[in-house]
Amino acid sequence: MREPTPASTALADVAPEPGVAKPDPILVVDGVRRSFGGLTAVDVEHLELQRGAITSLIGPNGAGKTTFFNLMTGFDQPNAGTWQFAGDDLAGVPAHRVARSGMVRTFQLTKALTRLTVLENMKLGATQQRGERMLTSLWPPAWKAQERAIEERADELLVRFKMDHMRDELGGTLSGGQRKLLEMARALMVEPVMVMLDEPMAGVNPALTQSLLQHVKDLPSFGMTVLFVEHDMDVVMDISDWIVVMAQGQIIAEGPPDVVSKDPAVITAYIGEEHGDESRFTPVPRGAGAPVAVIEEAPVDTHEGEDEHSGPHAEEREP
Amino acid sequence: MDITTILAGGLNTAVGPTTVVFALAAIGLNVHYGYTGLLNFGQVGFMLVGAYGMAITVSIVGLPFWVGILAGLAAAVVLALLLGVPTLRLRADYLAISTIAAAEILRFVFRSGPFVPITGGPFGIPSGPGGPGFTQTWDALNPFPPGSYQFGWLSFTHSRLWVTVVGWTLVALASLLVWALTRSPWGRVVKSIREDEDAARALGKNVFAYKMQSLVLGGMLGGLAGIVLALSQAALSPDQFLPQLTFFAYAVLIMGGAASVLGPVVGAMLFWFLISSVERFLLGTGIMPTGTIGPTRLALVGLLLIVLMAFRPQGLLGNKREMMLDA
């Protein structure tokens, strides 16, 4: 179990029950529902995320975690529901505006831009670039100074992520783990308020996992809020101020790590399972009516390139 | 059969107006496909509306030549918007299907009966149907006195020389524009869209707007290619704008090297040099009737292309390091 953080202290008095109110929420979700045909992939009645906290979103495959990410960040539209991010209503806002408003995501299957160099990948992340306007781009004096400042910031981040030696390599030449690092560093170039990380450690070797973990832990000290999906329970327990558990699209539990790990519903549903194949069990949400089918994959994702992450899934280990 | 005649003929084509037309069309495709990853399979449609926009405005409506040029370019912009608005939010293949269909629809509409008074139907628009034609101002602007001009192996009539000089100036300006755009942050964004548009979106880029800008710019270059084509032949007809023109332009682009600034220019020169010299070679040998030479030269050039792609998949000027990465 990790050391207490300002966020975990602030959350100490919050009751560990689904949909509970937080003292200083940055994201407030109400009645967000997404169905694909007859299947309800996400059905979140109420959820609040504490500002400055690292919140983990866990749950078996098909629980709707990635779909929930897609909905929050504008990559998918819900059938119903509203959500406020830092006071702004984000329902119906397109993905690029969500990113500009400070909520930046990464992807489960990394999206390193293969035919751009690492540095170009980084510089792309900066917002409000004058040179990105078509006509202004033809007049370099209008953007050269800003470009230099962006490059400086990119180089600093690359040093922080220990990727400065790869600066001029093409993104496509990086290993799977380096791509994960690059994607996280690139997301930070946006100067986000909240970072949504979709399985940032998947397919990454243990040494690099430690380094990635440290980067995630550092984010709150830069004033950022983190929501991340992760299957490795050691990582989740080590890093989280708060844990939200999803199953079949619903929030079945939430609370601090020590409470959630002892929650009988979660144990039976997820954590305590010792079998390797997690797809074999489909926990029924508390108080749910007829069980809904499990959605295997959210629409934005494809299994393309999945062999990159061919290592044994972390959740197959015992907690 | 004289080898120098064959090479001289090929060279004359390689620097002539046809090469200019395909260089411009391929530069437009390079913006679409090479840099932004847009699959436009109807570049010939942009050439058609550019050429007809200019010719109709000048020859049929009777407005000045410069207005005609602007009308041709504006027609290309309108076509880009019409195609882009419904398809650019969808996956790449939808644009491909719409563009190839739109180009054919345009050709059939322009040659159809009801539009004969405007488009001249299947016979198209000669430069001057009973009035000042669209080449009148163009010819008047020609600074070269009538006659023929000889530069080493190259020979020009005064009007061909005029089109050639203006055409290559346009190619140079278009290349300069593409160079300036693609080395800027704007270019970085469109390249990122080519690589993965969701990643660009997640970083706050308005992907739709960038794709639209790219479609419009490349379409205008296609329209410009159509205008140069109409001026170089002082006439135009709908059946010149067959779908294979788009694929010739793609061949030019891939041969020269997609996503390189001068790739389309070098590709166009090589493509037309090969087409022309192979044709002359076949004519010279006399091994087949003239009627079969046309298809045969295409087949032979196709074979040469396959060989080139096998040994140089990135094209003449493309970046091999980039080519070898799988996406």
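See the structure shown above.
Residues numbered from 1 in each chain as written. Chains lettered and ligands numbered in written order. Predicted model: local features only at pLDDT ≥ 70, side-chain atom pairs only at ≥ 80, totals over all residues.

Residue and element names in this part refer to chain A. Strand order across the open sheet formed by 4 strands is β2-β1-β4-β5, with antiparallel pairing between neighbours. Single-partner strands in this sheet number two, and they are β2 (39-50) and β5 (88-89). Alignment of strand β1 (residues 25-36) against β2, held across 10 bridges, turns out to be antiparallel. The residue bridging Leu27 from the neighbouring strand is Leu49, located in β2. (Pairing = 2+ DSSP bridges. Helix = DSSP H or I, 4+ residues; strand = E, 2+ residues; numbered from the N terminus.)

Right, let's talk about the packing of helix α2 (residues 17-36) of chain B against helix α8 (residues 158-182) of chain B for a bit. Residues and elements named next belong to chain B. Between α2 and α8, the least distance of the axes is 8 Å, while the angle of their chain directions is 15°. In terms of axis orientation, α2 runs roughly parallel to α8. Once α2 is placed against α8, the crossing between them reads as left-handed. Every residue of α8 that contacts α2 at Pro17, Val20, Ala23, Leu24, Ile27, Asn30, Val31 and Tyr35 is listed here: Arg160, Val163, Thr164, Gly167, Trp168, Leu170, Val171, Ala174, Ser175, Val178 and Thr182. Partitioned by chemical class, the residues of the contact of α2 with α8 number 13 nonpolar, 5 polar and 1 charged. (Axes fitted to C-alpha atoms, helices over the stretch in contact; angles between N-to-C directions. Parallel < 35°, antiparallel > 145°, perpendicular 65-115°, else oblique. Left-handed = near helix turned anticlockwise from the far one by under 90°. Contact = placed C-beta atoms within 7 Å. Nonpolar A, V, L, I, M, F, W, Y, C, P; charged D, E, K, R; others polar.)

Within a regular strand, side chains alternate between the sheet's two faces. Residues and elements named next belong to chain A. Taken across its 5 residues, strand β8 (residues 225-229) has 5 buried, putting it largely inside the fold. Because side chains alternate across β8, one face comprises the buried residues Thr225, Leu227 and Val229, and the other comprises Val226 and Phe228, equally buried. The sheet contact formed by strand β3 (residues 54-58) and β8 spans 4 bridges and is parallel. Pairing of Ser56 across the sheet is with Phe228, part of β8. In the sheet, strand β7 (residues 194-198) pairs with β8 via 5 bridges, with the strands oriented parallel. Note on β8: the bridge partner recorded for Val195 is Val226. Chirality of the crossover, the property in question, places the unit of β7, helix α8 (residues 206-218) and β8 among those that are right-handed. (Buried ≥ 20, exposed ≤ 12 C-beta atoms within 10 Å, placed from the backbone. Right-handed = clockwise from strand over helix to strand, strands pointing away.)

With that out of the way, let us pick up the packing of helix α3 (residues 43-60) of chain B against helix α5 (residues 92-111) of chain B. All names here are of chain B. Viewed as axis vectors pointing N to C, α3 and α5 meet at an angle of 35°, and their least axial separation amounts to 8 Å. Where α3 crosses over α5, the handedness of that crossing is left-handed. Seen from α3, the contacting residues are Val44, Gly45, Leu48, Val49 and Tyr52; seen from α5, they are Thr99, Ala102, Ala103, Leu106, Arg107 and Phe110. Each residue belonging to the contact of α3 with α5 can be placed in one class, and the counts come to 8 nonpolar, 2 polar and 1 charged.

Before going further, it helps to spend a moment on unusual backbone geometry. Residues and elements named next belong to chain A. In this structure, Ala86 takes a positive phi of about 50° despite not being glycine. Within the secondary structure, Ala86 is located in the loop between β4 (80-85) and β5. According to the C-beta neighbour criterion, Ala86 is partly exposed, with 16 such atoms within 10 Å.

It is worth stressing that arrangement in space is one thing and function is another; only the former is reported here.
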